[in-house]
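Below, each chain spelled out in residue letters.
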Amino acid sequence: MIKTSLISPYPAVRLLFFVCAGIIAGLYVSLSIFIWIAVSLVCVLLLCALLFPGLKKPMTERRLSLPAVLAYGFFVFSSFGAYSDYAYRYVASDTVLKQLDKEALLYGKVISRPRISAKGAQWILEVREVFADGETRKTSGNVKVFMRLYDGEQPDVETGDMIRIKGWPKRIPDAANPGDFDAHDYYWKQGVHAELYCRGPWMMRNYGLDENDFFEGLLVRPVRRYLSGSIDALVPSGHERQFLKGIFLGERELLDRTVYSRFQAAGTAHVLAISGLHVGLIVVAMLIMMQRLRTTVAGRWMVFLLIAVVLLVYCSVTGNAPSVRRASIMAVVLIGGAATGRQSFPLNSLAAADLVILSLDPLELFSAGFLMTNAAVASIILLYPLLSKPSANWKGMMGVVFRPVWNAFSVSLAAIIGVSPVIAWFFGTFSLAGLLANLPVVFLVSCMLYAMLPAFVFNLFLPGLAVYPASSAWFFAKAALGATEFFGSQQWAVVQMQPDVFGIIVYYVAILAALYFLHLEKPAFVMITMLFAANYFVWTPVLRADNPLPAFVKVAVGKGTSFLCSVPGSSILIDAGSKPYHQKTISRQMRRYGINRLDAAVQFDSPDSLVSAIDASNHMLSNDKYLKLSSFMIARLDKNLLKLWTSDGSSLLLAADFNALMGLDSEHPDRIVVNVKRFGIEEYRQLEAWLDRVRPRECVVLSSSRLKDEDKGLLEHLAGKRKEMTVDDIYNL
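Because the structure is predicted, anything quoted here is derived from the model rather than measured.

K.L.:
What is the right way to read unusual backbone geometry from this model?
P.N.:
Peptide bonds are mostly trans, and most non-glycine residues show a negative phi. Not every positive phi belongs to a glycine, and Asp575 is a case in point at roughly 80°. As for its placement among the helices and strands, Asp575 is situated in the loop between strand 13 (570–574) and helix 18 (582–592). Of note in this structure, Arg695 is not a glycine but carries a positive phi near 50°. Inspection of the secondary structure assignment puts Arg695 in the loop between helix 21 (681–694) and strand 21 (698–703). Owing to a relative accessible area of 63%, Arg695 belongs among the exposed residues under this scheme.

K.L.:
Sorry, what's going on with helix 21 here?
P.N.:
At 3.6 residues per turn, the α-helix brings residues three or four places apart onto the same side. With 14 residues, helix 21 extends 20 Å from end C-alpha to end C-alpha; this agrees with the ideal 20 Å at 1.5 Å per step. Of the residues flanking the end of helix 21, it is Arg695, one or two places downstream, whose phi is positive at about 50°.

K.L.:
Which parts of the structure should I look at to understand the nonpolar core?
P.N.:
Considering soluble globular proteins, one finds that nonpolar side chains tend to be buried as a cluster. Formed by 34 residues in total, the largest nonpolar core has its most connected members in Phe243, Phe248, Val445, Met448 and Met452. Every element with two or more residues in this core is listed here: helix 5 (214–234), helix 6 (239–249), helix 7 (257–265), helix 9 (297–317), helix 14 (434–461) and helix 15 (463–488). In terms of residues, this core owes the most to one element, helix 14, which gives nine residues. In this structure, Met448 is in contact with Phe243, Leu244, Ile247, Ala473, Phe476 and Ala477, ignoring residues within four places of it in sequence. Of all hydrophobic cores here, the second largest spans 25 residues; its members include Leu687, Leu691, Ala719 and Val727.

K.L.:
For this particular structure, what's the right way to read the pairing of strand 6 (residues 161–170)?
P.N.:
Looking along a regular strand, one sees the side chains alternate between the two faces of the sheet. Note: strand 1 (residues 104–110) against strand 6, six bridges, orientation antiparallel. Each bridged residue has a counterpart across the sheet, and for Ala104 the counterpart in strand 6 is Gly167. Bridge analysis of strand 6 against strand 8 (residues 204–209) gives four bridges, and the strand direction is antiparallel. Residue pairing for strand 8: Ile163 is matched across the bridge by Asn206. Summarising the sheet, strand 6 and strand 7 (residues 192–198) pair through three bridges and their orientation is antiparallel. Counted as the bridge partner of Lys170 is Glu195 from strand 7.

K.L.:
I tried to follow the environment of Val674 on my own but got confused; where do I start?
P.N.:
Relative to the helices and strands, Val674 resides in strand 20 (residues 671–676). If sequence neighbours within four positions are ignored, Val674 has contacts with Ala655, Asp657, Phe658, Leu661, Val700, Val701 and Leu702.

K.L.:
Explanation requested: helix 18 in the structure shown.
P.N.:
Buried residues of helix 18: His582, Thr585, Ile586, Gln589 and Met590, and no others. Projection of helix 18 onto a plane perpendicular to its axis shows the buried side chains occupying an angular sector of 140°, all on one side. Tucked inside the fold, the buried residues of helix 18 contact strand 11 (552–557), strand 12 (560–567) and strand 13. Backbone geometry just after helix 18 places Gly594 at a positive phi near 75°.

Reading the values: rules and limits
- Residues numbered from 1 in each chain as written.
- Predicted model: local features only at pLDDT ≥ 70, side-chain atom pairs only at ≥ 80, totals over all residues.
- Heavy atoms only, no water.
- Helix = DSSP H or I, 4+ residues; strand = E, 2+ residues; numbered from the N terminus.
- Buried < 20%, exposed > 50% of the residue type's maximum accessible area, 1.4 Å probe, protein only.
- Expected span 1.5 Å × (residues − 1).
- Core = buried A, V, L, I, M, F, W, Y, C linked by side-chain atoms within 4.5 Å.
- Contact = heavy atoms within 4.5 Å.
- Pairing = 2+ DSSP bridges.
- Arc of directions from axis to C-beta.

Right under this line is the structure:
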């Protein structure tokens, strides 16, 4: 057996470092996959050459040299670099991407649970064949399907069904704004390469369950229907029933939007995602029931297999969501380690589970759920012993009463310390309320789950008796919703923040360094580390405040556009979208570009009610013709034309669309900003002629994110001919 201090006691953690580095390099380093494979083969040959001389020695004298360790590490690094490069950039030759932007009839298998919303239903279709241009072709690839539903219709489709559906496959759009959710990248990393819009149920034919999918037909579908039917029969209708279905079946879309927003504000939205909490509770319940079997080696392996089968079924019942899949794999790895009877380290077991997950899908490394799960669990493993240590000295009644509360709070606090930067990075918020809300909400949700489990069992043979535990589950659900409502409605519940990558790295490095110095019992170095991190976070915003703001930023909100304009001494918002929730998008873009306050909100195309709801010092609504402040003045020349004069004497004309600009020859502003949603040959000629007549010093065309590639090409061609014209999403003076 090869021994080295580098492998023990955390070999999986060290291996995970090379795996993660390789996956990141494979995605962000522009190398051909053949180069990655060649490097991997060279490392294998080098490793064999380094290990061969040691084979002649007795087993007890064999040691790994540092070059051999590095060769193995770079082999893993380059192998996962090739793996992630292939997973992200390579698709099959018969992919459905060849059928984009033309009507097609797709045939395939539904591989995800349909998610129903107010507008329709959405699911993932594994395409098997396509009928287009008068012929049928074998096709591969996954497509995101959206079917429009009317008047409370329900889609006649379930996971595992074989369907034929008609529509227009299209490319999934990119993020509408910098820093917003990038649907194209998100689904591409999940192996979904296109989307299809279906006008209604009449455009689809369902052929029933795939005849080869025995697992879905004999086990998964009956269990799912039984759980859903039991909740409907035992729990009164209302938010509590929706909450229970969201918890057990992953049907979060059934929750009212307001209720879901409260969970987000309270920092407790993680209980809605079937993940570590739910899987852990199921595993604990099974371990308690089968405690006697775990006294022997054979019994431990029997328990391991039973839990693995139950979690496999539960994953499929909940739609095989990534969160429950990750949690199940972690649980199986941890229990498998315990079944061997060997000493295990929690951090090493967590890394081993990650290795299994990343071996199945390397692109999981970039998912928010994977990162949040690991940040929370690793933080609990590392920080909980320190946070709970003071309670060990509590004696008497204080220890009996307050120690469990403090330990539970320590678990919640440790998880929040670990996961908060990841949440802030992905969602731009940090929940202060989560520090307090998680303690009662997680406790109540745990009670609800444990109360509902016997209700499912009793409902099989004693439905009358099942009502009692189901009533308890309803009570705990109502209490959890009430606690969430209380904490989520507080004004201080959520803090808006958007850290950068370097700031997150500084945060985690500071925590790890402080833990290391605590282990060495060097408190002075711990204090120095914390002061260094505090100085970085205090002074970085101050130093960045002097950076010049972009003068004009286009913000896509729904199907409309808003504009953020910064002039010396003032910031202006022009339009506020068409829905109240579009204010969140505008706020994210303000934080991204360092705009802390608005001096004016101006109506251009949005309803007056939305513009007046913006937190700004002044408002210019549809009936107002001008707005004058010390640093600027705005005049409404037309419904689709605004002109802005700044204190330095320069002027800027904003046109909401191309047609509004073409009808204006009398104004001669220094700068022109026009939003273009369509740009064909005719628009090309008109804009070129208009620029010759008006001769502005600068003309900036803000291209729509939905602009076709052909139109973008024409815009770029004209911009190449005209030195005064530029095409961009952000305009800087």
